[in-house]
Amino acid sequence: MTSVLTKKNLLILGCILLTFVLVQVLMSVGFITSFHEITLATICINIILAVSLNLVTGFTGQFSLGHAGFMSIGAYVCALIVMRFDSVAGFLVGILAAALAATIVGILIGIPTLRLKGDYLAIATLGMAEIIRVVFLNLEITNGAAGLSGIPRYTNWFWMYLFVVLTIVLINNFIRSSHGRACISIREDEIAAESMGINTTKFKVMAFAIGSFFAGIAGALYASYFYFIKPNTFGFLKSIDILVIVVLGGMGSITGSIIAAVLLALVSTFLQSFTAVRMIFYALVLVIIMIFRPQGLLGTKEITDLFKFRRKNERIE
Amino acid sequence: MLEIKNLNVYYGVIHALKDISLTVNEGEIVTLIGANGAGKTTTLRTISGLNKTTGGEILLEGKAITYLSAPERVKLGISQVPEGRRIFPEMTVFENLELGAYLRKDKNNIKKDLENVYQRFPILAERRRQTAGTLSGGEQQMLVMGRALMSRPRILLLDEPSMGLAPLLVREIFSIIKDINEAGTTILLVEQNASMALSIAHRAYVLETGSIVMSGTGEELARSNEIQKAYLGGE
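Let us look at the structure shown here. (Residues numbered from 1 in each chain as written. Chains lettered and ligands numbered in written order. Predicted model: local features only at pLDDT ≥ 70, side-chain atom pairs only at ≥ 80, totals over all residues. Heavy atoms only, no water.)

A word on the pairing of strand β2 (residues 14-24) of chain B. Residues and elements named next belong to chain B. Relative to β2, strand β1 (residues 2-11) runs antiparallel, the two sharing seven bridges. Residue pairing in the sheet places Y11 in a bridge with I14 of β2. Connecting β1 to the antiparallel partner β2 that follows it, the hairpin turn spans two residues, and G12 within it adopts a positive phi of roughly 60°. (Pairing = 2+ DSSP bridges. Helix = DSSP H or I, 4+ residues; strand = E, 2+ residues; numbered from the N terminus.)

Okay, here's the thing in structure tokens:
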């Protein structure tokens, strides 16, 4: 029970390594071309963004429209650091600084706004993300509307995959912890959670801070992969894109977010050859899924629930 | 055990509670009856820390808890069952109960209390793996009471446990409340169903537009003419 090396965990570790090696091999034999690699990067970054937003919106029930704002903080912080210290060490320091900067801003924004509920919170977070964007637009160090270009590229498959796995494992463990349970209870019924003695403000801010942390990492990976960032990359539409993945996959399902991120990236890549009707098809896919699966692809279930190793309820009983 | 002195609460400019004073002694069932908007729920929420006090004092065993946070009050043994059966619908019955013991660290006792709750409400044991949202109204009411008991409260605040339940179930819920009390938990009960509440209460207070207008033993009030006219449908 106490050992981490259970059969289940070893199996998961095996799958994680296998996926990594498989993609690596496919890349070196040229089956995954550099064109495909862009899709791969988009998928990885979107998974980190969607899973972290899912913690805030899907699990804790706090409707946030500002995720791209935290992503942009990560992107700029990492870009500025890695442009000055052009090395892998600089890149890693950049990612760490990006995550921390996003977390700090997340806490500062979270404390006043998380008193609000539902639509009001959505509007407030939207406003905050816009403020972040406008600040980057007007700062000298971020080069205003022109943005930063020539950011050294250190993000590769290895780093992206590593951070995707870290994000999923850490957020998953958080949700299964008693803190995570407290967050879910806030989504389920805030008044009941409060009367159980759960400090709802604390856990809302905590979820928000963790979500911002990983959004910062995603931004950092983005900056160092695409060479170029500008404030408008991280506008309102980017936040909506992330939210779409979360809603589509299922609010409260980590594997749902992963599947949706992969699916949407594939659909969008596939439709690239039909430029004229691309957005129409993309929107149609969304509408159709929402009509037939309004709770999202997986609802609040995880794909792993299909083949459960051990019923979680048997812990105490 | 619980003493409230000259409590005042405002919602914005509305003076919701005006100088309320009441006492709940150890081992009692005390009920607070009154019409809609009289301030019953406000009183409970203020005791459990969900509402802010503007003036007055709340004492738990002589110690002021007026400005403690809600979690700190739960730790001291005040547990509230909020109005309207507020379960966690997507969680299982078991997970709901587990969250009731959220602030407790004594794992062995939690296990024991879980057994006790299952014994008191056998239907919950039967449905422990079902999501709580699929329970019937009466079962949900049992679940929220069981969940509140999981925090090992010394005083249980019940807000309208009979709301929206069939008469037969109401009777069952009230007999459970009596059982819980006899097992040693002090109870402060807020009810619109005045006759039921008065029939099990040791003492009662009547609230009218934010003030206490009458108090006495459950029997006394049940026999009083004014109460009969206003709340019990008597002539």
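Next up on the list: the interface of chain A and chain B. Each partner contributes residues to the interface: chain A has 27 residues there, and chain B has 27 residues. Interface area, chain A with chain B, both sides summed: about 2500 Å², of which 60% is carbon and sulfur. Counting across the chain A and chain B interface gives three salt bridges. Measuring nitrogen to oxygen at the nearest pair gives 3.8 Å for the salt bridge that ties R181 of chain A to E95 of chain B. (Contact = heavy atoms within 4.5 Å. Buried area = accessible area lost by both parts, 1.4 Å probe. Salt bridge = Lys/Arg side-chain N within 4 Å of Asp/Glu carboxyl O.)

All names here are of chain B. Within the chain, N6 stands out as a residue other than glycine whose phi angle is a positive 45°. Secondary-structure assignment places N6 in strand β1. Positive phi values are uncommon outside glycine, yet T209 reaches one of about 35°. Among the secondary structure elements, T209 is positioned in the loop between β9 (203-208) and β10 (211-217).

Core analysis: the biggest nonpolar cluster contains 92 residues, and F91, I95, W157, I198, L221, I229 and F234 of chain A have the highest contact counts within it. Aside from chain neighbours lying at most four places away, what touches I95 of chain A is C78, F163, I217, A220 and L221 of chain A. The next biggest cluster of nonpolar side chains, apart from the first, holds 46 residues, and it includes L97, V117, A132 and I187 of chain B. (Core = buried A, V, L, I, M, F, W, Y, C linked by side-chain atoms within 4.5 Å. Buried < 20%, exposed > 50% of the residue type's maximum accessible area, 1.4 Å probe, protein only.)

Once that is clear, we can look at the environment of P294 of chain A. Residue and element names in this part refer to chain A. By the secondary structure assignment, P294 is in the segment after α12 (278-292). By relative accessible area, which is 57% here, P294 ends up exposed. Linking P294 and L248, residues 46 residues apart in sequence, is a C-alpha distance of 8.3 Å.

For the structure on display, the rule yields 13 salt bridges over all chains. For the salt bridge of E190 of chain A with K204 of chain A, the shortest nitrogen-to-oxygen distance reads 3.0 Å. Here E190 of chain A, found in helix α8 (residues 190-195), pairs with K204 of chain A, found in helix α9 (residues 200-225); they are 14 residues apart in sequence, far enough to count as distant. A single network of salt bridges, built from pairs that share partners, joins R104, D106, D113 and R152 of chain B.

All names here are of chain A. The interhelical angle for the contact between helix α7 (residues 178-188) and α9, taken along N-to-C directions, is 105°, at an axis separation of 10 Å. In terms of their interaxial angle, α7 and α9 are classed as roughly perpendicular. On α9, the residues touching H179, A182, C183 and I186 of α7 are T200, F203, K204, M206 and A207. (Axes fitted to C-alpha atoms, helices over the stretch in contact; angles between N-to-C directions. Parallel < 35°, antiparallel > 145°, perpendicular 65-115°, else oblique.)

Residues and elements named next belong to chain A. For the structure shown, the criterion picks out 15 aromatic pairs over all chains. Seen in terms of ring centroids, Y76 and F136 are 4.2 Å apart; in terms of plane orientation they differ by 25°. Their pairing is stacked. Residue Y76 is located in helix α3 (residues 67-84), and its partner F136 is located in helix α5 (residues 118-138); the two are separated by 60 residues in the primary sequence. As far as burial versus exposure is concerned, Y76 and F136 are alike and both buried. Grouping aromatic residues by their ring pairs yields a cluster made of F20, F91, Y154, W157, F158, W159 and Y161. (Phe/Tyr/Trp six-rings, centres within 6.5 Å; stacked < 30°, edge-to-face > 60°.)

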